[in-house]
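# Inside the fold
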Protein chains: 2
Amino acid sequence: MQDTLPSLPRRHLLAGTAGALAAAGLGTWSQAAAAQTQAAAKPLPAYAAWKSDSSLIVHSSNTLETRRSAFGSSVITPSEQLYVRNNLPPPDAAVLADRDAWVLTIEGVQHPRDLTLGQLKSLGLETVATVLQCSGNGRGFFPSKPSGTPWTVGAAGCVMWSGVPLRRVAEALGGVADGMAYITGTGGEKLPEGIDPKSIVVERSVPLKALEDALLAWEMNGAPIPLAHGGPLRLIVPGYQGVNNIKYVKRLAFTASESQAKIMSHGYRVTPPGAKADPSQPSVLEMSVKSWINSPHADGAPLTAGMVQIHGVAFGGTEAVKRVEVSTDGGKTWREARFVGPDLGKFAWRQFALTAELPAGTHLLASRATDAAGNVQPEARVENVGGYNNTSWRDHAVQVTVA
Amino acid sequence: MQDTLPSLPRRHLLAGTAGALAAAGLGTWSQAAAAQTQAAAKPLPAYAAWKSDSSLIVHSSNTLETRRSAFGSSVITPSEQLYVRNNLPPPDAAVLADRDAWVLTIEGVQHPRDLTLGQLKSLGLETVATVLQCSGNGRGFFPSKPSGTPWTVGAAGCVMWSGVPLRRVAEALGGVADGMAYITGTGGEKLPEGIDPKSIVVERSVPLKALEDALLAWEMNGAPIPLAHGGPLRLIVPGYQGVNNIKYVKRLAFTASESQAKIMSHGYRVTPPGAKADPSQPSVLEMSVKSWINSPHADGAPLTAGMVQIHGVAFGGTEAVKRVEVSTDGGKTWREARFVGPDLGKFAWRQFALTAELPAGTHLLASRATDAAGNVQPEARVENVGGYNNTSWRDHAVQVTVA
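Because the structure is predicted, anything quoted here is derived from the model rather than measured.

## Concerning the overall build of chain A
Scanning chain A for helices and strands turns up 5 helices and 21 strands. Buried residues in chain A amount to 61% of all 403 residues. Here the analysis covers contacts within chain A between residues at least 6 apart in sequence; of these, 71% occur between residues at least 24 apart. A total accessible area of about 13900 Å² is found for chain A, and carbon and sulfur atoms account for 54% of it.

Below, the structure written as structure tokens:
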């Protein structure tokens, strides 16, 4: 544990009772609890009925967002609080009846074949913590109101995955076939009848370099992966936007070119304002450096003037996050925050905190992260039709009122 | 992620179908799932009804044990799977209605006073992962059948806590008063009427040196601490046996001597066989180096001959765990296991794994950990009346049958 907390001002030490202490200006921090007791407006869908409804905003049956007030400070996001974004409804829960019997078809290796999950488990074991984030997280801050779910900060979490490194599986099957440049994963959702499968299938390609860290995961946060999060088997591509982490993965192919599925060719493209999506535009792949403050937050009760622990999360995508600065004046001045809690590796987020004295008034709290490569979280978002990749520190700032 | 996995034997690479691959000897690993579907024999108590009953053995309403088969490989133990051991029934759930209003009385500092949880939250923030383990974990392996719950391995978990460092609170109140040698925490359980409080109160003392790492925690695994685990406020003493981590802590006193409560003076003493407990015997304080294998395990389906990932957990108490060896022949020979997943700090456990080829037959699998100070997990338990502190690697070995 770190010992970098500043000393309390002397005046906090002298009052004789708890009441006097409060009068002397020690802020309270009850907003999270208050917000957590707000009931969700819509009910949770059946496949996610086990989740914490007070922690989630139900946008639709396929889009559940973690409330900003529900993010704690324990680094890992509990499964019950983790967001859900499905491009298609999940398969029938019957696929979990015998998890080890799930079959993955592997192509684009020297010896292509099917492997059951039971067989995959014998090939290796690794555990990695990653930020799982929808590329549309922060879309709700775009004034252009892009179509799609208006997520603010809650389409993200930090999750512990266990599985077999994909490179171990490729090695066991003789290695990646010559000429392959992509890892293409196909989801096991049931496709609607009477429609071109390519127009609807969840199939994404990531560059072959992702093989270094990719995992075929069967466990999430200490339990078999729930259906809502892609169990029995999910492709995890650490550092990449959520859509690339294929749920219910049934086919894993090393391919020479990107998938022709619409979700790859035209979906999730970073399309300039006014343009139409096309495959020449960047896809949502690696995440970029980003941070936001979770406490205090705007939808809580007014703060009392005094000391407060400002805290939030920061991550660097495929780079470790190195530094976080916090501003209490909307970005005019910045102070370096401290990291709180264990470092779970470069693909995880880190909790940061800054002890600040907030006087009565309105304050705009912002955070700005820097990754190990020196990339600094920008002030402005990059406008695009789909509302992807919003890392703007200004958009993520929180206005709080102190009584 | 590590890249220390051995290559697959060549014979695994040649077969052309999944069936042939299985025939070639890739072991499967389905026991955990099978065991997890076994229903608990007794129902969960109301205060813990939110827990995963398939993951727990219900010994009594105050003693719930995690099944060996339910421990995954994701380092952190999910709250739904975490064991419970209460010395008294928890207080009424009404204590959680306004968590920030919970009052802690602090004594033995220069300026003793009451502080609310809301005030504590303004004083600091730290997050630490610790092994939480009942000192009686492993009691079930004692042939002497000590009284008390016959835990085997499941009265333990690795948990992420957030709270304020106790030393920050002491500093804010002028520092620890002169002459104090212990940190004494008192639980907020309701005591039965008509009985000497000292005979029943949950009050424990730990040496003052524990101040370096102790935490007053309000969050566990990313959510406010549930009642079952000591919410709204729990004293966490990293590296110390579970009983020292006082739930619903209502009084925190720096004291010149140990508590006179019976749970301290006579309870949880390491009493030699045939003797009676007395305060001169060692109390259960720091944990010692320990490990065990969670998979494969004895209560699963028979394994198929071939490769298997043997994995488990290892920790060093107040020292980091440095090394784990695994034996597949009951301790005759040992191989060094690899660590799996992130290092959450010296108070957390680490997952270890060894890739082994198990032929048909019966095998006794054992693990033996070494901590950073060079202490090696012993072969034999230390006999004592209460069945405490069992770290014997032989007791924790797992016999498996391979078809």
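The structure having been displayed, the exposition proceeds.
## Quick notes on the confidence of the model for chain A
Residue and element names in this part refer to chain A. When pLDDT is averaged along chain A, the result is 90; 90% of the residues meet or exceed 70. Contacts from residues 1-40, a stretch scored under 50 in pLDDT, to residues over four places away or in other chains number 105 contacts. Scoring of the predicted complex yields 0.89 for pTM and 0.88 for ipTM.

## Description of the sheet that holds strand β19 (residues 350-358) of chain B
Residue and element names in this part refer to chain B. In spatial order, the strands read β14-β15-β19-β18; together these 4 strands make up an open sheet with antiparallel pairing. Every other strand in the sheet has two partners, leaving β14 (290-295) and β18 (338-340) as the edge strands with one partner each. Adjacent strand axes in the sheet meet at a mean angle of 40° when their direction is disregarded.

## Observations regarding the pairing of strand β1 (residues 56-60) of chain A
Residues and elements named next belong to chain A. In this structure, β1 lies alongside strand β2 (residues 63-66), joined through 4 bridges in antiparallel fashion. Counterpart to Leu56 in the pairing with β2 is Thr66. Where β1 hands over to β2, the hairpin turn is made up of 2 residues, counted between the paired strands.

## Considerations on unusual backbone geometry
Residue Pro296(A) follows Ser295(A) across a cis peptide bond; omega there is -5°. The backbone of Asn221(A) sits at a positive phi, close to 50°, despite the residue not being glycine. The backbone of Tyr268(B) shows a phi angle near 55°, a positive value even though the residue is not glycine. Among the structural elements, Tyr268(B) can be located in the loop between α5 (262-265) and β14.

## Details of the sheet that holds strand β9 (residues 203-207) of chain A
Residues and elements named next belong to chain A. The 5 strands are arranged β5-β4-β13-β8-β9 in an open sheet whose pairing can be described as mixed. Every interior strand has two partners, whereas the edge strands, β5 (113-116) and β9, have only one. Sheet twist, expressed as the mean angle between neighbouring strand axes with direction ignored, is 20°. The pairing of strand β8 (residues 182-187) with strand β13 (residues 249-255) spans 6 bridges and is classified as antiparallel. When the sheet's bridge partners are listed, Tyr182 is paired in β13 with Thr255.

## Description of the side chain of Arg139(A)
Residue and element names in this part refer to chain A. Summarising the element assignment, Arg139 is placed in the loop between β6 (126-133) and β7 (156-165). Of the side chains bearing the opposite charge, Glu65 lies closest to the buried Arg139, which forms no salt bridge; the N-O distance is 9.2 Å. Those residues in contact with Arg139 that lie beyond four places of it in its chain are Pro146, Ser147, Gly148, Thr149, Trp151, Gly386, Gly387 and Tyr388.

## Here we look at the pattern of salt bridges
Residue and element names in this part refer to chain B. Evaluation of the coordinates by the stated rule reveals 24 salt bridges over all chains. Arg269 is the salt-bridge partner of Glu258, the closest N and O atoms lying 2.9 Å from each other. Taken as a pair, Glu258 in the loop between β13 (249-255) and α5 and Arg269 in the loop between α5 and β14 lie far apart in primary sequence, 11 residues in all. Note on Glu258: relative accessible area 24%, which makes it partly exposed. Judged by its relative accessible area of 4%, Arg269 is buried.

## Examining the environment of Tyr240(B)
Residues and elements named next belong to chain B. Assignment of secondary structure puts Tyr240 in the loop between β12 (234-236) and β13. By relative accessible area, which is 4% here, Tyr240 ends up buried. The residues touching Tyr240, leaving out its near neighbours within four places in the chain, are Val206, Pro207, Lys209, Ala210, Asn245, Leu285, Glu286, Met287 and Thr318.

## With respect to the packing of aromatic side chains
Across all of its chains, the model carries 16 aromatic pairs over all chains by this definition. Between Phe71(A) and Trp349(A), the ring centres sit 5.7 Å apart and the planes meet at 75°, which makes this aromatic pair edge-to-face. Of this pair, Phe71(A) sits in the loop between β2 and β3 (84-85) while Trp349(A) sits in the loop between β18 (338-340) and β19 (350-358), and the two are 278 residues apart along the sequence. Both rings, one in Trp334(B) and one in Trp393(B), keep their centres 4.9 Å apart while their planes meet at 85°; by these two values the pair is edge-to-face. Within this pair, whereas Trp334(B) is found in the loop between β16 (321-327) and β17 (335-336), its partner Trp393(B) is found in the loop between β20 (361-371) and β21 (398-402), the two being separated by 59 residues in sequence. Trp393(B) matches Trp334(B) in its accessibility class, with the two residues each being buried. Grouping aromatic residues by their ring pairs yields a cluster made of Phe71(A), Trp292(A), Phe315(A) and Trp349(A).

## A look at the pairing of β19(A)
Residue and element names in this part refer to chain A. Most of β19 sits out of view: 8 of its 9 residues are buried. Pairing of strand β15 (residues 306-315) with β19 involves 9 bridges; the strand directions are antiparallel. Bridge pairing links Val313 to Gln351 in β19. As paired strands, β18 and β19 are joined by 3 bridges and run antiparallel to one another. Among the inter-strand pairings, Val340 is bridged to a residue of β19, identified as Gln351.

## Points about the state of the cysteines
Taken as a whole and judged by the stated rule, the model has 0 disulfides over all chains. Cys158(A) takes part in no disulfide bond, and the closest cysteine sulfur, belonging to Cys158(B), lies 15 Å away. For Cys158(B), a relative accessible area of 0% gives the class buried.

Thresholds applied
Residues numbered from 1 in each chain as written. Chains lettered and ligands numbered in written order. Predicted model: local features only at pLDDT ≥ 70, side-chain atom pairs only at ≥ 80, totals over all residues. Heavy atoms only, no water. Helix = DSSP H or I, 4+ residues; strand = E, 2+ residues; numbered from the N terminus. Buried < 20%, exposed > 50% of the residue type's maximum accessible area, 1.4 Å probe, protein only. Contact = heavy atoms within 4.5 Å. Areas by Shrake-Rupley, 256 points an atom, 1.4 Å probe, with all protein chains shown as cover. pLDDT = per-residue confidence, 0-100. Pairing = 2+ DSSP bridges. Axes fitted to C-alpha atoms, helices over the stretch in contact; angles between N-to-C directions. Lys, Arg positive; Asp, Glu negative; His and termini not counted. Salt bridge = Lys/Arg side-chain N within 4 Å of Asp/Glu carboxyl O. Phe/Tyr/Trp six-rings, centres within 6.5 Å; stacked < 30°, edge-to-face > 60°. Disulfide = S-S within 2.5 Å.

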